[in-house]
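Residue-level listing of the chains:
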Amino acid sequence: MKNKEPLIVSFCCKWCSYTGADLAGSSRLKYPANVKIIKVPCSCRVDPIFVMRSFGQGADGVIINGCHPGDCHYSTGNYFTRRRMALFGEMLSFMGINKNRFAVEWVSAAEGARFADVMNRFVGKVIAGVK
């Protein structure tokens, strides 16, 4: 992965994380331009197949961003995400994909700085894990 920025796919909850990403951009906070954001109604709508398809189409890392547990606009969507993706994350190693290439994070609408920090740390992890 020399001289190439990793391609990162970020699935963001429409209510919190996507708004946090928007706040990071409007606040001119720096995070890698190679992060491609896909807005979803809720983090629980991200199927593990979407993650695998992202890897299959060339993504170097995939991150799911949702509302903080307990703050989901759909009551328990993020609890469902946390449970399902914890199991899926364990399966990645079995499938030959470095676990550092996948993450689930919680970012609220008011946390633009946190969104930028999460993206910067995740890209660093992906770069270190892919080398």
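Heads up: the structure comes first, above all this text.
Per chain, residues are indexed from 1 in the order of the written sequence. Confidence filtering applies because this is a predicted model: local features only for residues at pLDDT of at least 70, side-chain atom pairs given and counted only at 80 or more, and all residues used for totals across whole chains, interfaces and linings. The side-chain quantities take in all heavy atoms of the structure and omit both hydrogens and water.

Some points on the overall build of the protein chain
Counting from the N terminus, the helices are DSSP H or I runs at least four residues long and the strands are E runs at least two residues long. Counting secondary structure elements, the protein chain contains four helices and four strands. Starting at the N terminus and walking to the C terminus, you meet the elements of the protein chain as β-α-β-α-β-α-β-α. With the radius of gyration taken over C-alpha atoms, the globule rule is written as 2.2 Å times the number of residues to the power 0.38. In terms of overall size, the protein chain behaves like a compact globule, its C-alpha atoms giving a radius of gyration of 14 Å where 131 residues would be expected to give roughly 14 Å. C-alpha extents for the protein chain along the principal axes are approximately 40 × 35 × 20 Å.

Thoughts on unusual backbone geometry
At Arg-28, a position not held by glycine, the phi torsion is positive, near 60 degrees. Within the fold, Arg-28 resides in the loop between α1 (17-26) and β2 (35-40). Residue Ser-75 is not a glycine yet carries a positive backbone phi of 70 degrees. Turning to its location among the elements, Ser-75 is positioned in the loop between β3 (61-66) and α3 (77-94).

Details of the pattern of salt bridges
Each reported salt bridge corresponds to a side-chain nitrogen of Lys or Arg within 4 Å of a carboxyl oxygen of Asp or Glu. Using the criterion set out here, one finds four salt bridges in the structure. Here Lys-99 makes a salt bridge to Glu-90, at a shortest N to O gap of 3.6 Å. For each residue, the accessible area found with a 1.4 Å probe, counting protein chains only, is set against the maximum for its type, and the residue is called buried under 20%, exposed over 50%, and partly exposed in between. Take Lys-99: its relative accessible area is 38%, and that puts it in the partly exposed class. Here Glu-105 ties to Arg-114 by a salt bridge, and the two come within 3.1 Å at their closest N and O atoms. In the salt-bridge network here, residues are joined through shared partners; they are Glu-105, Glu-111 and Arg-114.

What about the packing of helix α2 (residues 48-56) against α3?
Direction vectors running N to C along α2 and α3 enclose 35 degrees, while the axes themselves pass 11 Å from each other. For the pair α2 and α3, the sense of crossing is right-handed. Taking contact as the criterion, the partners of Pro-48, Val-51, Met-52 and Phe-55 in α2 are, on α3, Arg-84, Met-85, Phe-88 and Leu-92. Here the term charged refers only to Asp, Glu, Lys and Arg, the term nonpolar to Ala, Val, Leu, Ile, Met, Phe, Trp, Tyr, Cys and Pro, and the term polar to all other amino acids, Gly among them. By residue class, the composition of the contact of α2 with α3 is seven nonpolar, no polar and one charged. Geometry is summarised by axes, namely lines fitted to C-alpha atoms with helices restricted to the contacting stretch, and by angles between N-to-C directions that run from 0 to 180 degrees. It is the rotation of the near helix from the far one that decides the hand of a crossing: anticlockwise by less than a right angle makes it left-handed, clockwise makes it right-handed. What makes two residues a contact is simply this: any of their non-hydrogen atoms within 4.5 Å.

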